[in-house]
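# What the coordinates show
Spelled out from the first residue to the last, the chains are:
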Amino acid sequence: MLKKIYLANPRGFCAGVKYAISYVENVKRTTNEQLYVRKEIVHNKRVVEDMKKNGIKFISELNEAPDGATVIFSAHGVSPEVVEYAKKHNMKIGDATCPLVTRVHRKARKFKDNHQIIYIGHTGHDEAIGTMGEAEMILVETVEDVGKIKNRIDPSKPLTYLMQTTLSVIDTKEIVNKIEEFFPFVEHPEKDDICYATTERQEAVDQMLDHVDAIMVIGAENSSNSMRLVQLAGKKKPGSFRVSSAEKLSKAEFEERKISILGVTAGASTPQILIDEIIQKLKEFYPESSVETFPGSREDSMNFRLPAQLLK
Ligand code: SF4
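Residues numbered from 1 in each chain as written. Predicted model: local features only at pLDDT ≥ 70, side-chain atom pairs only at ≥ 80, totals over all residues.

If you tally the helices and strands in the chain, you get 11 helices and 12 strands. Taking 2.2 N^0.38 as the reference for a compact globule, 312 residues should give roughly 20 Å; the C-alpha atoms of the chain span a radius of gyration of 21 Å, in line with that estimate. By its C-alpha atoms, the chain is 60 × 55 × 30 Å across when sized along the principal axes. A burial count over the chain gives 42% of its 312 residues as buried. (Helix = DSSP H or I, 4+ residues; strand = E, 2+ residues; numbered from the N terminus. Rg over C-alpha atoms; globule rule 2.2 N^0.38 Å. Buried ≥ 20, exposed ≤ 12 C-beta atoms within 10 Å, placed from the backbone.)

Our next topic: helix α7 (residues 169–182). Taking 1.5 Å per residue, 14 residues should reach 20 Å; α7 reaches 20 Å between its end C-alpha atoms and fits that length. Of all the positions in α7, only T172, I175 and I179 are classed as buried. Down the axis of α7, the smallest arc covering the buried residues is 55 degrees, so these residues share one side. Seen from the open side of α7, the exposed residues pointing more than 90 degrees away from its buried face are N177 and E181. Of the surrounding elements, those touching the buried residues of α7 are β6 (116–120), β7 (137–140), α6 (143–148) and β8 (159–163). (Expected span 1.5 Å × (residues − 1). Arc of directions from axis to C-beta. Contact = placed C-beta atoms within 7 Å.)

The next point concerns helix α11 (residues 272–285). Taking 1.5 Å as the rise per residue, α11 with 14 residues should run 20 Å; its terminal C-alpha atoms sit 20 Å apart, in good agreement. Those residues of α11 not exposed but buried are L274, I275, I278 and L282. Along α11, the residues classed as buried sweep out an arc of 100 degrees about the axis, all on the same side. Exposed side of α11, more than 90 degrees from the buried face: Q272, D276, Q280 and E284 are the residues found there. Residues of α11 that are buried sit in contact with β1 (4–7), α2 (45–53), β9 (214–218), β10 (241–243) and β11 (261–266).

Within a sheet, adjacent strands bond to each other through the backbone by hydrogen bonds, running parallel or antiparallel. Taken together, the four strands give an open sheet; going across it, the order is β3-β2-β4-β5, and neighbouring strands pair in parallel fashion. At either end of the open sheet lies a strand with only one pairing partner, and these are β3 (57–59) and β5 (92–95). The mean angle between the axes of side-by-side strands here comes to 30 degrees, regardless of whether they run parallel or antiparallel. Of the strand pairs in this sheet, strand β2 (residues 35–38) and β3 are connected by three bridges, and their pairing is parallel. (Pairing = 2+ DSSP bridges. Axes fitted to C-alpha atoms, helices over the stretch in contact; angles between N-to-C directions.)

This part takes up the packing of helix α8 (residues 196–208) against helix α9 (residues 224–236). Between α8 and α9, the least distance of the axes is 10 Å, while the angle of their chain directions is 25 degrees. For the element pair α8 / α9, the angle class is roughly parallel. Crossing hand, α8 versus α9: right-handed. On α9, the residues that touch T198, R201, Q202, V205 and D206 of α8 are N225, R228, L229, L232 and A233. Classifying every residue of the contact of α8 with α9 gives four nonpolar, three polar and three charged. (Parallel < 35°, antiparallel > 145°, perpendicular 65-115°, else oblique. Left-handed = near helix turned anticlockwise from the far one by under 90°. Nonpolar A, V, L, I, M, F, W, Y, C, P; charged D, E, K, R; others polar.)

With 53 residues, the main nonpolar core has A20, V24, I41, I72 and I117 as its most contacted residues. Residues within four places of I117 in sequence aside, it is in contact with A108, F111, A135, M137, T160, Y161 and L162. Among the nonpolar cores identified, the runner-up in size contains 26 residues, and L7, A204, M216 and L282 belong to it. (Core = buried A, V, L, I, M, F, W, Y, C linked by C-beta atoms within 7 Å.)

The subject of this paragraph is the domain arrangement of the chain. Here the chain is partitioned into domain 1 (4–13 + 196–293), domain 2 (15–98) and domain 3 (100–182). Each of domain 1 and domain 2 has a C-alpha centre, and these two points are 30 Å apart. Each partner contributes residues to the interface: domain 1 has 10 residues there, and domain 2 has 10 residues. (Domains from an automatic or database assignment.)

Taken together, 15 residues lie around the ligand, and C14, G16, C98, T165 and C195 are the ones closest in. Taken together, the elements giving at least two residues each to the shell around the ligand come down to α1 (15–30), α4 (99–111) and α8. Here the residues of the shell around the ligand are counted per class, giving 10 nonpolar, five polar and no charged. (Near = placed C-beta within 6 Å.)

This paragraph deals with the sheet that holds β8. Strands sit in the order β7-β6-β8 across an open sheet of three strands; the sheet is parallel. Each edge of the sheet is formed by a strand with only one pairing partner; in this case those strands are β7 and β8. Ignoring strand direction, the axes of neighbouring strands in this sheet form an average angle of 30 degrees. Across five bridges, β6 lies against β8 in parallel orientation. Within β8, the residue paired with Q116 across the bridge is L159. Against the sheet, α4 contacts β6 and β8, and its axis sits at roughly 165 degrees relative to β8. On top of the sheet, α7 reaches β6, β7 and β8; it is set at about 155 degrees to β6, its chief contact.

Structure, rendered in structure tokens:
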């Protein structure tokens, strides 16, 4: 029977997600034109549904919007090809890309002409597609992949690597070590690209693992950072699991997990309301259980300011 719920800190919305959402809200306030957001603004259905109720249309590609439309790029960023399309079709562009993703794009442009670039990331993820559009890159997802790209790297030319911002810190370190082993001439970038929010949420889960029976991660299946939290928790506590909404939580299923102390965290794109609803449901199942923030945890204090000009 569930006795205690520990809440990880930080959990839920990161600065980049708050930035992207307020970007759209601010554009909405300043124009009466129909707004089109390309792809999910952040990887969370609830956030997207709330925006749809507010009259915002979501499209998969820009050709679903008319020429001259006002379009907003999601937090995950887009490739230069998408920007070109928008310009060619006289679209007004709002770029809600997280500034930490934009930083990786800038690095890609810097390395583009004189380096071979390995990109550590997940095939098909919106962020990976956008960043890899900036320059020619070789994608690796796993340590094993590094061995497979040996014949694609020219040892006479400079080599460096970039990474998706939402990767597992531990797994990525192993991949970087393998890159160095196979290609000792690799130039390490000054800074890794895994963002502060991903790192801090993984650290918070790591700190809780010895004190709970399992971790419940609240987040969407297509949220890379949520999936990395489930993966991290599962290594030490195999009973850890992910849930996307309160409706998906059933008492019978929860009982089977035999959890007495539960750690709760949420991916960077999970809104607080979802976390509140799920905790409330657990309290309905187990009214005697207590809820407290895990001791020693810290708050997420990062903030990004919106640009003065939202549409270009
Ligand atoms: S997870 Fe990191 S990179 Fe992604 S939006 Fe949040 S702060 Fe930006």
